[in-house]
Amino acid sequence: MNKLKTYFNWSTGKDSALALYHLMKDKNYSVEHLLTSVNAQHNRVSMHGLRRELLELQLNEIDLPYSTIELPEQPLMQEYEMLMEQEVLSLQQRGFTHAAFGDIFLEDLRTYREQQLSALNIQSVFPLWKRDTKELLTEFIDLGFKSVLVCIKADLLDQEFAGRIIDADFIKDLPSNVDICGENGEFHTFCFDGPVFKNPIPFEIGEKVYREYQAPKTDADSCSSEPLKSNSGFWFCDLLP
């Protein structure tokens, strides 16, 4: 049986790590490439704010070929889609037929991804789709994955959550109005250890910084499909390689 040649949209976070883990165990797929969006001006992973150096350390420990989409500071939707299309067409020309994501339950985001990719003859794959988020996070921890919060929405989580390791205490301390996996964009993580890595990724906790963003009408590069409100505030925990 010929496996389906697949690239994975790698965000650096826990959902990506767990989805990649399951996809690599699936005999129907051959995961041969990782793709990540990067803010080219600041050399940081889009939305997560993670330094490029840590992304590269992480990717090297996964040991798969990878590429990045180099985005401007605040790209318009048309710019984002144009740059994404260029990269996807390059992958398609190299024989890739499927693209995988770590999304869990956002229907409109899934629809957006499927529509954009189907126009380029690429099928979408969602290994974690519709699974219970508490079960997913418990499985994540039980499998030996480790991650740290690098970005949180300031109107939903207190500053102290930035830089926290995800563990049983974290689950207990989360407010009831925050999805346990942050699927609505409440927080973003950096996964630094687990079965998809050859070795753990070393890092140090840096400073915490508060930033506000005037978001575009739609935020294609967010974990949430809903547009961000004007002047949305986030706490970022800088990680140092």
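Residues numbered from 1 in each chain as written. Predicted model: local features only at pLDDT ≥ 70, side-chain atom pairs only at ≥ 80, totals over all residues. Heavy atoms only, no water.

Enquirer: Would you explain the pairing of strand S8 (residues 187–193) in this entry?
Expert: Along any regular strand the residues' side chains alternate between the sheet's two faces. In terms of residue burial, S8 counts as a mostly covered element, since 7 of its 7 residues are buried. Relative to S8, strand S7 (residues 146–153) is paired through 6 bridges, and the arrangement is antiparallel. In the strand pairing of S8, Val 148 is matched with Phe 190. (Buried < 20%, exposed > 50% of the residue type's maximum accessible area, 1.4 Å probe, protein only. Helix = DSSP H or I, 4+ residues; strand = E, 2+ residues; numbered from the N terminus. Pairing = 2+ DSSP bridges.)

Enquirer: Would you mind going over the environment of Pro 127 with me for this structure?
Expert: With respect to the helices and strands, Pro 127 occurs in the loop between strand S6 (123–125) and helix H5 (133–142). Given the relative accessible area of 23%, Pro 127 is considered partly exposed. Between the alpha carbons of Pro 127 and Tyr 210 there is a distance of 33 Å; along the sequence they are 83 residues apart.

Enquirer: Would you mind going over the packing of helix H3 (residues 77–93) against helix H4 (residues 107–118) with me for this structure?
Expert: Each pair of packed helices can be described by the angle between their axes along with the distance between the axes. Packing of H3 against H4 leaves a shortest axis separation of 11 Å and a crossing angle of 55 degrees. Judged on the interaxial angle alone, H4 and H3 are oblique. Seen from above, H3 lies across H4 with right-handed handedness. Contact residues: Met 77, Tyr 80, Glu 81 and Val 88 in H3; Tyr 112, Gln 116 and Leu 117 in H4. Among the residues forming the contact of H3 with H4, the class breakdown is 5 nonpolar, 1 polar and 1 charged. (Axes fitted to C-alpha atoms, helices over the stretch in contact; angles between N-to-C directions. Parallel < 35°, antiparallel > 145°, perpendicular 65-115°, else oblique. Left-handed = near helix turned anticlockwise from the far one by under 90°. Contact = heavy atoms within 4.5 Å. Nonpolar A, V, L, I, M, F, W, Y, C, P; charged D, E, K, R; others polar.)

Enquirer: Would you take a moment to explain the pairing of strand S4 (residues 66–71) for this structure?
Expert: A one-sided burial pattern is seen for S4, the buried positions being Ser 67, Ile 69 and Leu 71 and the unburied ones Tyr 66, Thr 68 and Glu 70. Pairing of strand S2 (residues 29–39) with S4 involves 6 bridges; the strand directions are parallel. The partner of Ser 37 across the bridge, within S4, is Ile 69.

Enquirer: What exactly am I supposed to notice about the packing of helix H1 (residues 14–25) against H5 here?
Expert: At a minimum axis distance of 11 Å, the contact between H1 and H5 shows a crossing angle of 75 degrees. Taken together, the axes of H1 and H5 are roughly perpendicular relative to one another. Residues Lys 14, Ala 17, Leu 18 and His 22 of H1 touch H5, and the partners they reach there are Leu 136, Leu 137, Glu 139 and Phe 140. Of the residues assigned to the contact of H1 with H5, the class counts are 5 nonpolar, 1 polar and 2 charged.

Such coordinate-based values are descriptive only and should not be taken to indicate function.
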